[in-house]
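Summary of structural features
Each chain is listed here by its residues.
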Amino acid sequence: MADTSQGTGGLTFDKSKRSWPNELNILLALVIIIVIFEIIGQTAPYMRGQSFLFDTRDRFDSIFNEARLQIIILQVAIIGIIALGVTQVIITAGIDLSSGPLVAATAMIAMSFAQTELVNGNPNPKAIFGLWAMDLPVIVPVVVGVAFGAVIGAVNGTFVAFLRIPPFIATLGMFLICRGIALWWSNGQPVSFPTESYKFIGSGMMPVVWFVILATIFQLIMSFTVYGKHTYAIGSNEEAARMSGINVKRHKVLVYMIASMLAAFAGVVLSSKGATAQAGMGEFYELFAIAMAVIGGISLTGGRGSIIGTVLGAMVIGVIRSGFTYVKLDGSYQLMAMGGIIIAAVVLDQYRQRNKA
Amino acid sequence: MSDDFVLKTEDLTKHYGGVHALEGANFELRKGEHVAIMGDNGAGKSTFVRQITGVEQRTRGKVWLYNEDVHFAGPLEAREHGVETVFQTLALADDLDVPDNLFLGRERTFADWLGPFRLLDYKSMRQSTIDALNRTGVKIPNIRNTIRNMSGGQRQCVAIARTATFHSKLTIMDEPTAALGVQETAQVENIIRTLKEEGEPLILISHNMRQVMDLVDRIVVFRRGRICANLKKEETNGEDVVAYITGAKTQPEYEEVA
């Protein structure tokens, strides 16, 4: 055998021999980026010695700048929830472009079932339905929203798996359809004034709580269940998966459904956070979700990547966005730099994979 | 019909339009027997295997597997009936490790009430993988490595170990060593010998005369879509087989068809 490092020795099962996990590289990159921002903050003259992560004035609690940490996590939490689903789709060698507009459509629909009857003693000026849809229990809008996501995901999955439409095209079509649904739902009018219990879903740090809970659940699912194993198998070698008796088509529909349900839930959280739903919500969310997954080490050819990687990818994007604002980089430059960083991440990852193989 | 047939075909025929790729093949495989199928390219070897494993639907003829008249709609159904095929193009998922590949599609699980989210019994699958690899004598340094990082020989061994793990009723190997180096070929041949010791029936398609003479009990020669010879290894030699393959000789009982 050409590869002498593998040897021909006895059969072993050695955890220490497992390859260096990709996630550690992303963590390393995250730390490096933070250090770079910290150095800029301490040395650049116009920054006047501000610190990126640490808070030197406030000595009463921890040394960290909690406000900035909170903003970093909070601003990526909702897109992060979408990225959890997109990750699973990409692992099957697919793609889901429909999640951004799906966020808007779900926000509109869910908010319509979450409205409160009286606003400051007056009837709700933005009411979509009659009195029967007012002040419903909070579970109703959430279930309606997620169920809408499930339907959209089932349609996506059916087109991809059974009608063999390339995922890019199928979800691009759904991208437009969902944006259309969002605009049609209330003729472009925003839907507002939800119940107090609905507002709670996205209040304060709740988006982060949802993100962490869902990320944990799906990391466990991807690692320890048949669903996860088959998802990786399909992305790795679809023909082998089929020959092994996996119902590839049914499984793909399930993956697209879960991805869309996560995006729909992100829509619920987003509309709750802003206490309003607008047809233009979630613009570019699908692209940022894909970027998080890609920075997190996911291969667009499928079979490779993890939920933890995507969570770290989300953190990288959050830190970069926050850091650019902190070093007072103009918004237009931020977008350009962000694009460059995404491309650089993929180039680095491919280079590393080639060297490994 | 006698009880000890693993596989029996009668008048197995496949026409692609006007092309008679396989014509009236009568073939038998007994328990514990290893049979090689030889013949020139286009002689009908692979066509014959494709009819048995359900990859294609036969034009006419019958197939019995353990005295059961079978007609597989697809390779999956054949597999469910215990017919394992090791293809030249390996059906392995590159990003998964060895136990994952061995148990792909038939994972051991618990908490089955969770449906698609039922939990994988990694421990048991790893142990069974190690047992299967030990039994077949396959040496893989670390079964937790992904298939992507393995050599061609190791991959082939994993594919073959998969058939051994599940005690298949019939193993078919389509040129398993065609793409392998000398050492790797020896490794695969060792596994085939182990299968023989375990009494697992095997159909081996190969162009390698030395390999065939080393490994099998019987050689069936195909020529232009028909079986032209059925030779016991002890009663033949390499030159003889080549004569049958090239058409210089035909056994008397196959005279009228050839």
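Bear in mind the structure is a predicted one, so any value in this text is a computation, not a measurement.

Rules of the game
- Residues numbered from 1 in each chain as written.
- Chains lettered and ligands numbered in written order.
- Predicted model: local features only at pLDDT ≥ 70, side-chain atom pairs only at ≥ 80, totals over all residues.
- Helix = DSSP H or I, 4+ residues; strand = E, 2+ residues; numbered from the N terminus.
- Rg over C-alpha atoms; globule rule 2.2 N^0.38 Å.
- Contact = placed C-beta atoms within 7 Å.
- Pairing = 2+ DSSP bridges.
- Axes fitted to C-alpha atoms, helices over the stretch in contact; angles between N-to-C directions.
- Buried ≥ 20, exposed ≤ 12 C-beta atoms within 10 Å, placed from the backbone.
- Parallel < 35°, antiparallel > 145°, perpendicular 65-115°, else oblique.
- Left-handed = near helix turned anticlockwise from the far one by under 90°.
- Nonpolar A, V, L, I, M, F, W, Y, C, P; charged D, E, K, R; others polar.
- Domains from an automatic or database assignment.
- pLDDT = per-residue confidence, 0-100.
- Expected span 1.5 Å × (residues − 1).

1. Looking at the overall build of chain A
Counting its regular elements, chain A contains 13 helices and 4 strands. In terms of C-alpha radius of gyration, chain A reaches 22 Å, essentially the compact-globule figure of 21 Å for 357 residues. Dimensions of chain A, computed from the C-alpha atoms along their principal axes, are close to 80 × 60 × 35 Å. In chain A, the proportion of contacts linking residues at least 24 apart, taken out of those at least 6 apart, comes to 76%.

2. A look at the overall build of chain B
What chain B contains, in helices and strands, is 8 helices and 12 strands. At 19 Å, chain B has a C-alpha radius of gyration in line with the 18 Å of a compact globule built from 258 residues. For chain B, the spread of C-alpha atoms along the principal axes amounts to about 60 × 40 × 35 Å.

3. Topic: the sheet that holds strand β5 (residues 68-69) of chain B
All names here are of chain B. Taken in spatial order, the 4 strands of this open sheet run β2-β1-β4-β5, and their pairing is antiparallel. Since the sheet does not close on itself, it has two edges, and those belong to β2 (19-30) and β5, each with one partner. Summarising the sheet, strand β4 (residues 60-65) and β5 pair through 2 bridges and their orientation is antiparallel. Following the sheet pairing, Leu65 is matched in β5 by Glu68.

4. Quick word on the sheet that holds strand β11 (residues 218-223) of chain B
Residues and elements named next belong to chain B. Pairing is mixed in the open sheet, where 6 strands are placed in the order β6-β9-β10-β3-β11-β12. Two strands in the sheet have a free side with no partner beyond their single neighbour: β6 (83-86) and β12 (226-232). Between one strand and the next, the sheet's axes are offset by a mean angle of 20 degrees, whatever the strand orientation. Examined bridge by bridge, strand β3 (residues 34-38) and strand β10 (residues 202-205) share 4 bridges and lie parallel to one another. Bridge assignment links Val35 to a residue of β10, and that residue is Ile203. Across the sheet, helix α1 (residues 45-52) touches β3, β9 (170-174), β10 and β11, and the angle it forms with β9 is around 145 degrees.

5. Brief notes about the environment of Thr301 of chain A
Residues and elements named next belong to chain A. Its location among the elements puts Thr301 in the loop between α11 (285-295) and α12 (307-326). Judged by the 11 C-beta atoms lying within 10 Å of it, Thr301 is exposed. Along the primary structure Thr301 and Tyr232 are separated by 69 residues, whereas in three dimensions their C-alpha atoms are 11 Å apart.

6. Focus: the pairing of strand β1 (residues 5-16) of chain B
The side chains of a regular strand alternate, first on one face of the sheet and then on the other. Residues and elements named next belong to chain B. Note: β1 against β2, 8 bridges, orientation antiparallel. Residue pairing for β2: His15 is matched across the bridge by His20. Connecting β1 to the next strand, β2, in antiparallel fashion are 2 residues, including Gly17 with a positive phi near 60 degrees. The sheet contact formed by β1 and β4 spans 5 bridges and is antiparallel. Residue Glu10 lies in a different strand from β4, and its bridge partner there is Lys62.

7. Examining the packing of helix α3 (residues 99-112) of chain A against helix α10 (residues 248-274) of chain A
Residue and element names in this part refer to chain A. One can describe the packing of α3 onto α10 by two numbers: an axis separation of 7 Å at closest approach and a directional angle of 55 degrees. When the axes of α3 and α10 are compared, the pair comes out oblique. Here α3 runs over α10; the crossing is right-handed. Contact residues: Ser99, Leu102, Val103, Ala104, Thr106, Ala107, Ala110 and Met111 in α3; Ser260, Ala263, Ala264, Ala266, Gly267, Val268, Leu270 and Ser271 in α10. Class assignment of the residues belonging to the contact of α3 with α10 gives a composition of 11 nonpolar, 5 polar and no charged.

8. Quick look at the domain arrangement of chain B
Where interface size is quoted, it is often the accessible area lost as the parts come together. Residues and elements named next belong to chain B. For chain B, the assigned domains are domain 1 (1-72 + 217-258) and domain 2 (82-207). One C-alpha centre belongs to domain 1, the other to domain 2; they are set 26 Å apart. Taken together, the contact pairs 17 residues of domain 1 with 14 residues of domain 2. Counting residues per element, the ones that place at least two in the side of domain 1 that touches domain 2 are β1, β3 and α1.

9. Points about the packing of helix α2 (residues 66-91) of chain A against α11 of chain A
Residues and elements named next belong to chain A. Direction vectors running N to C along α2 and α11 enclose 65 degrees, while the axes themselves pass 8 Å from each other. Viewed along their axes, α2 and α11 form a crossing whose handedness is right-handed. For the pair α2 and α11, contact is made by Ile79, Gly80, Ile82, Ala83, Val86, Thr87 and Ile90 and by Tyr285, Phe288, Ala289, Ile290, Met292 and Ala293, respectively. Here the contact of α2 with α11 is built from residues that sort into 11 nonpolar, 2 polar and no charged.

10. Considering the confidence of the model for chain B
Low-pLDDT stretches of the model should not have their predicted coordinates read in fine detail. All names here are of chain B. Across chain B, the average pLDDT comes to 85, with 96% of residues at 70 or higher. Across chain B, the secondary-structure element scoring lowest on mean pLDDT is helix α5 (residues 152-165), at 80, and the one scoring highest is strand β8 (residues 119-120), at 94. On the interface metric, ipTM, the complex scores 0.79, and its pTM is 0.86.

11. Brief notes about α12 of chain A
Residues and elements named next belong to chain A. For α12, built from 20 residues, the straight-helix expectation of 28 Å at 1.5 Å per residue is met to within 8% by its first-to-last C-alpha distance of 28 Å. Counting buried positions along α12 yields 16 of 20 residues, so the element is predominantly enclosed. Lys328, located one to two residues past α12, shows a positive phi value of around 60 degrees.

12. Brief notes about the environment of Tyr254 of chain B
Residues and elements named next belong to chain B. Mapped onto the secondary structure, Tyr254 falls in the segment after α8 (238-246). The partly exposed category is assigned to Tyr254, around which 18 C-beta atoms lie within 10 Å. Separated by 121 residues in sequence, Tyr254 and Leu133 place their C-alpha atoms 41 Å apart. Leave out the neighbours within four places in its chain, and Tyr254 touches Ile227, Cys228 and Ala229.

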